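# Coordinates in review
For reference, the chains in residue letters:
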Amino acid sequence: MRDIILAGNWKMHKTIEESKEIALCLKEKFTELPLNVILFPPFTALYSISELLKGSNISVGGQNVYFEEKGAFTGEISPVMLKEAGAKYVIAGHSERRNIFNETDELIKKKICSAVENGMDVIFCVGEKLEEREAGRTEEVISKEIRIALDGIPREVLDHIIIAYEPVWAIGTGVAASPDEAAAIHKFIRSILDDMFVRGAGANMSILYGGSIKPENFIEFAILDEIDGGLVGGASLKCEDFYDIGKILVECKKL
Ligand code: PEP
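What comes next is a walk through the structure. (Residues numbered from 1 in each chain as written. Predicted model: local features only at pLDDT ≥ 70, side-chain atom pairs only at ≥ 80, totals over all residues. Heavy atoms only, no water.)

### Some words on the pairing of strand 2 (residues 36-40)
Selection criterion: Accessibility here uses a 1.4 Å probe with only protein chains present; expressed as a share of the type maximum, an area under 20% marks a residue as buried, one over 50% as exposed, and anything in between as partly exposed. Secondary structure elements follow DSSP: runs of H or I no shorter than four residues count as helices, runs of E no shorter than two count as strands, and numbering proceeds from the N terminus. Two strands make a pair as long as DSSP finds a minimum of two bridges between them. Every crossover in which the path from the first strand over the helix to the second runs clockwise, viewed with the strands pointing away from the viewer, is termed right-handed.
In terms of residue burial, strand 2 counts as a mostly covered element, since 4 of its 5 residues are buried. Of the strand pairs in this sheet, strand 1 (residues 5-9) and strand 2 are connected by 5 bridges, and their pairing is parallel. When the sheet's bridge partners are listed, G8 is paired in strand 2 with L39. Read from strand 1 through helix 1 (residues 16-30) to strand 2, the crossover connection turns out right-handed. Considered for its hand, the β-α-β crossover made up of strand 2, helix 2 (residues 43-52) and strand 3 (residues 58-62) is right-handed.

Structure follows, in structure tokens:
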């Protein structure tokens, strides 16, 4: 059975006080939902939010991590520090990290391994840009991202990874992928994992869809077996919207 997960990436939004306010609202609402929820607040709010959410079904994670545990890496955050602040998860490979901060597949691999070695699970994001999609290169791009980042990793590390398929052109644009196309890519991702590891590795992997999810469109994704949940940006910044997305997931997956 794959884990069904709802994750909210707040990106560079919300002060500590604003983060606490929405986290309190979510804590109250989500107690009634049997759902694994993960929030990725800004680093400044991570510790206070993790304390505030103690005893709830909502975990917190870091939006980014460096692979070294300590040292002269000005501006970076280590997995040890994240874990101390309460993070149980880390995002690696988000398209904003890849495209704005030039993160490579090789660096993403190091981040994944370091986070898992330090006891955290990873949401590993993959997805194609618009021009790559238009050139018919979607599968090639996703295959490369997965094959480099997961090359040679031990099977037990794989158990600590959740993949998020996030077409770059759908992130923050209001234009989501078609649910059927997303499901087809999820299936393709599973086939890559089977090829790289053992048969069945793909079937065991939780794969989330991300890209302009809203309460209005999420049911179409959540009803599909291939889609094990969502990684939500903009709509996770509003308590009501994020909760409505959670309710849809619980209903569709019969949790
Ligand atoms: C994201 O940043 O991972 C994301 C999916 O953003 P949005 O939901 O705003 O498209």
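From this point, the discussion proceeds with the structure in view.
### A word on the sheet that holds strand 8 (residues 229-232)
Let me state the cut-off plainly: Convention adopted: a line fitted to C-alpha atoms gives each axis, helices being fitted over their contacting stretch, and angles between N-to-C directions are expressed from 0 to 180 degrees.
Spatially, 1-2-3-4-5-6-7-8 is the arrangement adopted by the 8 strands of the closed barrel, whose pairing is parallel. Strand after strand, the sheet turns through a mean of 30 degrees between neighbouring axes, direction not considered. Pairing of strand 4 (residues 87-92) with strand 5 (residues 121-126), which is carried by 4 bridges, proceeds in the parallel orientation. Within strand 5, the position partnered with A92 by the bridge is F124.

### A word on the site of the ligand
Put simply, the rule is: Put simply, a residue is near a molecule or strand once any heavy atom of it comes within 4 Å of that molecule or strand. Within 3.5 Å is the distance limit for a polar contact, defined as a pair of N or O atoms, with the added protein rule that one can donate a hydrogen and the other accept it, and that residues adjacent in sequence qualify only through two side-chain atoms. Per-residue and other accessible areas were derived by the Shrake-Rupley procedure at a 1.4 Å probe size, with only the shown protein chains allowed to occlude residues. Each residue is assigned to one of three groups, with Ala, Val, Leu, Ile, Met, Phe, Trp, Tyr, Cys and Pro labelled nonpolar, Asp, Glu, Lys and Arg labelled charged, and all others, Gly among them, labelled polar.
Taken together, 14 residues sit near the ligand, with K11, E166, G172, S212 and G233 positioned nearest. At 2.7 Å from an oxygen atom of the ligand is found a side-chain nitrogen or oxygen belonging to E166. Here the ligand, which alone exposes 290 Å², has 95% of that area covered by the protein. Its residues assigned to classes, the shell around the ligand comprises 4 nonpolar, 8 polar and 2 charged.

### Points about helix 12 (residues 239-252)
Because the α-helix completes a turn every 3.6 residues, residues three or four places apart line up on one side. This is how it is decided: Multiplying 1.5 Å by the helix residue count minus one yields the expected span of that helix.
Taking 1.5 Å of rise per residue, 14 residues should cover 20 Å, and helix 12 covers 20 Å from first to last C-alpha, within 8% of that figure. Of all the positions in helix 12, only C239, F242, Y243, I245, G246, I248, L249, V250 and C252 are classed as buried. In the stretch just after helix 12, K254 is the one whose phi turns positive, near 55 degrees.

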